[in-house]
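The residues making up each chain are set out below.
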Amino acid sequence: MSGNNKISTLRGLVIFLYRFFILRRWCHRNPKQKYQKCPSHGLHQAHDLSPHTLVFNVEGALLKSNSLFPYFMVVAFEAGGVIRSLFLFILYPFICLMSYEMGLKTMVMLSFFGVKKESFRAGKSVLPKYFLEDVGFEMFEVLKRGGKRIGVSDLPQVMIDGFLKDNLEIEVVVGREMKIAGGYYLGIMEAKQKRELAFDKLVQEERVSSGHVIGITSFHSSSHRSLLSQFCQEIYFVRNSDKKSWESLPRDQYPKPLIFHDGRLAIKPTPLNTLILFLWAPFAAVLAAARIVVGLNLPYSVANPFLAFCGIHLTLTVSNHNGLVSSNRDKGCLFVCNHRTLLDPLYISFALRKKNIKAVTYSLSRLSELLAPIKTVRMTRDRVTDGQVMERLLSQGDLVVCPEGTTCREPYLLRFSPLFSEVSDVIVPVAIDSHVSFFYGTTASGLKAFDPIFFLLNPFPSYTVQLLDPISGGHSSTCREPDNGKSKFEVANHVQHTIGNALGFECTNLTRRDKYLILAGNNGLVNKK
């Protein structure tokens, strides 16, 4: 019993010293500070947070996951390639044995060293998707009610700036700057002291110290506790148990809809998922090669069953127009579809079992043109010339056109170019959707020649093709008939909404140019290689 009493006395002494010295050290600059737990509960009780400034730790208080590995793996894979990402994965067990700061610096070095600053766009075009999927809904609700929001992070500024400012509409972001030499990242972050000086200067400029400032951070982030204690009248701490009970931020609650994002990885590269990807890679290469050889060289009657056996799922739905597709016409049938991948016209061809279908495209690489089993014709972006080309192709047979002009991964439709409505009296809307598990078969900043290959690297890629009711003179006339009162823009919008309703997608007025300006910083012109 005496031994137990001694242990209890020692434990009480330790707790006393912890509370007296450690907490006192945190609070010595502002004796009126309050330290509380469970910010989602405590701050929800405050009815009006709009007069207050909220300073929060991004990875400790906003994101649900405690692991930063997936975000650095995305940077390593997208900006550095497969070898760099493999090297990061192999060293990750050793990184886990390091201190937090040393492990962070190691991952920054492995992911960023030698990456060209000018070409690095993963922070704005790739990472926001993964960050948004990791945001805690409860904490987001709290931040949404604040006046000014300031995000503080140990991550490099180039990784979080676009996500917080563009996607979550956070006013101020304070991350760590990267050292650069000759236009290339050295993989070294500036010292924390420089970030603290920048934060101090920012606070003085914004004059947030004159109002009531509330800090939100994690129990495990000692550096942020020290930083926030200089300016915050109240500090709320997030526990890991709180974060485990949080819900993910629903997509319909995003401040801005996530319509465009880039990158090849369709799966969040956690350590387990990354291991699966590298184990799958050798089998994927063999399987993709077999799929390409069979799809390009064998007749559809043989290729379709083999591709289905290899894991490719193709679903065809026909809506009351079998007679139109099979009837003898002087001109071919114009199939107008939304654009999910470069394989869209090919899968329409597979679904109809017709290899004499032609397709027009704006952004097909020369290699894809050579390998395509159906004839593809590049558009010139001149309306008169392109219209003549489409009419000539229609006189030779069926034609597939994607009037969006570019692909979109998310459930949205971009604005339809109305040119197709001027070249045919019969339009068959085609609603297309595709699903992948590991890799996206589209890119805005990468090599488009690899798009079909990445799609075929997935274990079970799927395509859904819906042939909808045709738009013809007796149904919903095209603008070629002068007495119907419909303009080419009305026809294009009608086809867009018809496809959108069939898929459950939202129609937008965004264009190809908008997508490439956001994701790649250019107008979408493709190098013909």
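In the nomenclature of an unreviewed UniProt entry, the protein chain is known as Probable glycerol-3-phosphate acyltransferase 2 of Camelina sativa. What the UniProt record of the protein chain gives under Subcellular location (unreviewed entry) is the line "Membrane". The Sequence similarities (unreviewed entry) field of the UniProt record for the protein chain holds the comment "Belongs to the GPAT/DAPAT family."

Moving on: the sheet that holds strand E11 (residues 358-361). The strand order across the open sheet formed by seven strands is E9-E16-E15-E10-E13-E11-E12, and the pairing between neighbours is mixed. Because the sheet does not close on itself, it has two edges, and the strands there are strand E9 (313-318) and strand E12 (375-378). The sheet shows a mean angle of 25 degrees between the axes of neighbouring strands, taken without regard to direction. Two strands pair when backbone bridges link them, and strand E15 (residues 427-435) and strand E16 (residues 462-467) are joined in this way by six bridges, in the antiparallel orientation. Along E16, the bridge assignment pairs His 435 with Ser 462. Sitting on the sheet, helix H17 (residues 344-352) touches E9, strand E10 (334-337), E11, strand E13 (399-401), E15 and E16, and the angle it makes with E16 is about 70 degrees.

As a further point, take the environment of Gln 496. Of note, Gln 496 is situated in helix H21 (residues 488-503). Of the residues examined, Gln 496 reaches a relative accessible area of 3% and is grouped as buried. When the C-alpha atoms of Gln 496 and Pro 429 are compared, they prove to be 8.5 Å apart, with 67 residues separating the residues in sequence.

Let's shift gears to unusual backbone geometry. Positive phi, normally seen in glycine, also occurs at Glu 169, with a value near 60 degrees. For Glu 169, the location among the structural elements is in the loop between helix H10 (157-167) and strand E4 (172-176). For Glu 169, a relative accessible area of 38% gives the class partly exposed. Unlike most non-glycine residues, Arg 353 shows phi in positive territory, near 55 degrees. Summarising the element assignment, Arg 353 is placed in the loop between H17 and E11. Exposure remark for Arg 353: the relative accessible area of 52% places this residue in the exposed category.

Burial of the side chains of E11 extends over both faces: Lys 358 and Val 360 are buried on one face and Ala 359 and Thr 361 on the other. Here four bridges tie E11 to E12, and the two strands are oriented parallel to one another. Opposite Val 360, over in E12, you have Val 377 as the bridge partner. Here E11 runs beside E13; their pairing, made up of three bridges, is parallel. Bridge assignment links Val 360 to a residue of E13, and that residue is Val 401.

As a further point, take helix H5 (residues 82-96). Here H5 is 15 residues long and its end C-alpha atoms lie 21 Å apart, about the 21 Å a rise of 1.5 Å per residue gives. Along H5, the largest kink reaches about 35 degrees and is centred on Ile 90; proline Pro 93 follows within four residues of it. Those residues of H5 not exposed but buried are Arg 84, Ser 85, Leu 88, Phe 89, Tyr 92 and Ile 95.

Below, the discussion takes up the nonpolar core. The biggest cluster of nonpolar side chains holds 97 residues, and the ones touching the most others in it are Leu 62, Phe 72 and Leu 168. By residue number, the principal contributor to this core is helix H4 (residues 69-80), which donates eight residues. If sequence neighbours within four positions are ignored, Leu 62 has contacts with Phe 56, Asn 57, Asp 134, Val 135, Gly 136, Met 139, Leu 143, Phe 163, Leu 164, Leu 168 and Trp 246. One finds Val 401, Leu 413, Leu 419 and Ala 431 within the second-largest nonpolar core, a separate group that totals 26 residues.

This part covers the packing of H4 against helix H6 (residues 100-112). Across the interface, H4 lies against H6 with an axial gap of 8 Å and an inter-helix angle of 20 degrees. Considering the angle they form, H4 stands roughly parallel to H6. The two elements H4 and H6 cross, and the hand of that crossing is right-handed. Taken together, the residues of H6 that come into contact with H4 (itself represented by Phe 69, Phe 72, Val 75 and Ala 76) are Leu 104, Met 107, Val 108, Ser 111 and Phe 112. For the contact of H4 with H6, a count of residues per class yields eight nonpolar, one polar and no charged.

Scoring rules and cut-offs
Residues numbered from 1 in each chain as written. Predicted model: local features only at pLDDT ≥ 70, side-chain atom pairs only at ≥ 80, totals over all residues. Heavy atoms only, no water. UniProt positions renumbered as here; feature names shortened; annotations may be inferred. Pairing = 2+ DSSP bridges. Helix = DSSP H or I, 4+ residues; strand = E, 2+ residues; numbered from the N terminus. Axes fitted to C-alpha atoms, helices over the stretch in contact; angles between N-to-C directions. Contact = heavy atoms within 4.5 Å. Buried < 20%, exposed > 50% of the residue type's maximum accessible area, 1.4 Å probe, protein only. Expected span 1.5 Å × (residues − 1). Bend = angle between axes of the 7 residues up to and from the residue. Core = buried A, V, L, I, M, F, W, Y, C linked by side-chain atoms within 4.5 Å. Parallel < 35°, antiparallel > 145°, perpendicular 65-115°, else oblique. Left-handed = near helix turned anticlockwise from the far one by under 90°. Nonpolar A, V, L, I, M, F, W, Y, C, P; charged D, E, K, R; others polar.

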